Every structure is written in C-alpha cells, then in structure tokens.
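Summary of the model geometry
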Amino acid sequence: MLALVTGAARGIGRAIVLELARNKIDVAINYNSSSEAAKLLSSEVEKLGVKTGIFQANVSDRDQVLKLFADVKKLFGESIAILVNNAGITRDNLLMRMKPEDWHDVINSNLNSVFYCTKEAIRDMAKAKFGRIISISSVVGLVGNSGQANYAASKAGIIAFTKSVAREYASRGITANVVAPGFIETNMTQVLKDDVKSGILQSVPVGRIGSPEDVARAVMFFANECNSYVTGQVLAVDGGMTM
Ligand code: NAP
C-alpha cells in the first residue's frame, strides 16, 4: 500500500511519514524547499524496510500537483491509497494589518492544495474502491484565533471540504477525515515568544506541548485499512485544549 504525504520533510509531516513506514506502508515524500531534510528522511524510511521516494513540488500550484502525482505513479508503479494533506504555512497578522497577499498565500498553500491533491487522488481511489484521505487542519479552524483570520479560515475550509468528500465517496470505500492539532512543537510554533507559549500552555489540560508523533499516531488511526466505518470526522489532538 502506498501513501503520499505533502510537506513531509520536517515537523509533523516527517513524523507522519515515519509512523506510516513503521506500519509497513510505502511512502512518497513531498517537499517544497527542504531538499536536504527530505533526503535524510528518505534514508531513514528505507531502513524501516519500505519503499520510498522524494518529490519536489509546491502543492499550492495545480500544475506542480499534476506532475507530482504523475511522478509518484511512475516511480512506484501503483496509485496512491493513502493521501495525507499536511503542507501548511502561517502569515499571521491582525485583520487591519493583513495584506491581501497574506490571505491569498495562506488559502493557496493550506486549502487550495488540499483541493488539488484530493482531486488528483480520488479517481484512482474510486477505481480501487479503497482510499484514505487525512487532512491536517488545526484547532483554530474550530474556534478561530486572533491574528490568524487567514489561517483559521483555511483550516475551517479543510473541515467542510473533508466532510463533503466523505459524503460523496463513502459508498466507494473511501474515507476522509481531519486531524486538528493544538499546540505542537515544530518550527511553526518555535517562532512564538515565550510569554505567548506559556499563555497557550495554561489552556492545555494535559499540561504539555504536543509532539509531532502525537499527531502522527492519530493520522495512522484514520489511515488504517480496518477503520472503514470512521469518516467525515475531526479528531483534535490538543491535550484537551478545545474539549
Ligand atoms: P512546519 O514545521 O512549518 O512545516 C511545514 C511543512 O509544510 C514544511 O515541510 C513545508 O515544506 C511544507 N509546505 C509549506 N508550504 C508548502 C507547499 N506550498 N508545498 C509543499 N510543501 C509545503 O509546520 P508543522 O508544524 O509541521 O505543520 C504541519 C501541518 O500541521 C500544517 O498544515 C500546519 O498548519 C498544521 N498544524 C501545526 C500546528 C503546530 O502547532 N505546529 C498546529 C495545528 C496545525 P518545505 O520545508 O519543504 O518548504
């Protein structure tokens, strides 16, 4: 079985790749700019005894997504059974200061990419009568966040998109689900100031920052072949933050 993980060279995507590989699933690793990290990850994955390959593509660009899917099919000789839409960016600012390009960049990278990749994956999944689509949203897509109107809108869009795809393809053996991480230790959150971090931590009942592996395990649950009766769901991996 073959999985494609977008934005997979570092952070949460990297942990997802390793979790899938540990479960004996072949993984296509997509990256945009982190080529060295992607190479290192692929050699780590090979050691786990599964097939892998790295594929450069900016998934906010439809043409690059088309090429990505064609390249993956060519290398592995099979179509993608598990798609993990993980790639994402932030361009935070208060609404009054948010530039239109900050809005468009975030919607393109976080939401349009999910549309492009899912659309490309779905035809072969429908033919195979099997598919697992897992998209990484965020708890801010559920509750909103000051300074992140663009990001929160993109992440909420992923949820509504996923529920629609789940309804459309439930009868074809395809499930579509969302993992909504809370506060996870990666480059994305490293940039936050210490006082902001400790403020967020106070709202986490579990009392710690989440790890990329916490998110990866939730993705693996949805990716599992056996979990065919769970679709259109949003699983918050947030230490109880939004309960
Ligand atoms: P990260 O460390 O900043 O990594 C982001 C990844 O996305 C990188 O691998 C990057 O690839 C990739 N990426 C961005 N734009 C891309 C594009 N246009 N095409 C292909 N790849 C692209 O962030 P992270 O924390 O691991 O985030 C992963 C996902 O989890 C994102 O969707 C994020 O919104 C979500 N999330 C994170 C948190 C958190 O607390 N960290 C919380 C909620 C949700 P390159 O490095 O190759 O350019």
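Up top is the structure these notes are about.
Residues numbered from 1 in each chain as written. Predicted model: local features only at pLDDT ≥ 70, side-chain atom pairs only at ≥ 80, totals over all residues. Heavy atoms only, no water.

1. Side note on the site of the ligand
- Around the ligand lies a shell of 30 residues, among which R10, S33, S34, Y151 and T186 are the nearest.
- At 2.8 Å, a backbone N or O of N32 approaches an oxygen atom of the ligand.
- In the model, an oxygen atom of the ligand is placed 2.5 Å from a nitrogen or oxygen of the T186 side chain.
- At the level of secondary structure, the elements contributing two or more residues to the shell around the ligand comprise α1 (11-22), β2 (26-31), α6 (149-169) and α7 (187-190).
- Among the elements that make up the shell around the ligand, the one with the highest residue count is α7 (three residues).
- For the shell around the ligand, a count of residues per class yields 12 nonpolar, 16 polar and two charged. (Near = heavy atom within 4 Å. Polar contact = N/O pair within 3.5 Å; in protein donor to acceptor, adjacent residues only side chain to side chain. Helix = DSSP H or I, 4+ residues; strand = E, 2+ residues; numbered from the N terminus. Nonpolar A, V, L, I, M, F, W, Y, C, P; charged D, E, K, R; others polar.)

2. Here we look at the packing of aromatic side chains
- Summed over all chains, the structure comprises three aromatic pairs.
- Taking 6.3 Å as the distance between ring centres and 35 degrees as the angle between the ring planes, the aromatic pair formed by F55 and F76 counts as tilted. Of the two residues, F55 sits in strand β3 (residues 52-56) while F76 sits in helix α3 (residues 62-76), which places them 21 residues apart along the sequence.
- Using a relative accessible area of 9% as the deciding quantity, one classes F55 as buried. (Phe/Tyr/Trp six-rings, centres within 6.5 Å; stacked < 30°, edge-to-face > 60°. Buried < 20%, exposed > 50% of the residue type's maximum accessible area, 1.4 Å probe, protein only.)

3. Some words on the environment of A236
- You can see A236 is positioned in strand β7 (residues 234-237).
- You can call A236 partly exposed: its relative accessible area is 30%.
- In this structure the C-alpha to C-alpha distance between A236 and R123, which are 113 residues apart in sequence, comes to 28 Å.

4. Some words on the packing of α1 against helix α9 (residues 212-223)
- Between α1 and α9, the least distance of the axes is 8 Å, while the angle of their chain directions is 50 degrees. Our classification of the angle between α1 and α9 gives oblique. With respect to the hand of their crossing, α1 and α9 are arranged in right-handed fashion. On α9, the residues touching G11, I12, A15, I16, E19 and L20 of α1 are P212, E213, V215, A216, R217, V219, M220 and A223.
- Looking at the contact of α1 with α9 residue by residue, the classes come out as 10 nonpolar, one polar and three charged. (Axes fitted to C-alpha atoms, helices over the stretch in contact; angles between N-to-C directions. Parallel < 35°, antiparallel > 145°, perpendicular 65-115°, else oblique. Left-handed = near helix turned anticlockwise from the far one by under 90°. Contact = heavy atoms within 4.5 Å.)

5. Topic: α6
- Given a rise of 1.5 Å per residue, 21 residues ought to cover 30 Å, and the 30 Å separating the end C-alpha atoms of α6 matches this to within 8%.
- Every buried residue belonging to α6 is among N150, Y151, A152, S154, K155, G157, I158, I159, T162, V165, A166 and Y169, and all of these are buried.
- Contact partners of the buried residues in α6: α4 (100-128), β5 (131-136), α5 (140-143), β6 (174-181), α7 and β7. (Expected span 1.5 Å × (residues − 1).)

6. Some words on the sheet that holds β6
- Read across the sheet, seven strands follow the order β3-β2-β1-β4-β5-β6-β7 without closing on themselves; strand pairing throughout is parallel. Edge positions in the sheet fall to β3 and β7, since each of these pairs with one other strand and no more. Direction aside, the axes of adjacent strands within the sheet are offset by 20 degrees on average.
- Pairing of strand β1 (residues 2-5) with strand β4 (residues 82-85) involves three bridges; the strand directions are parallel. (Pairing = 2+ DSSP bridges.)

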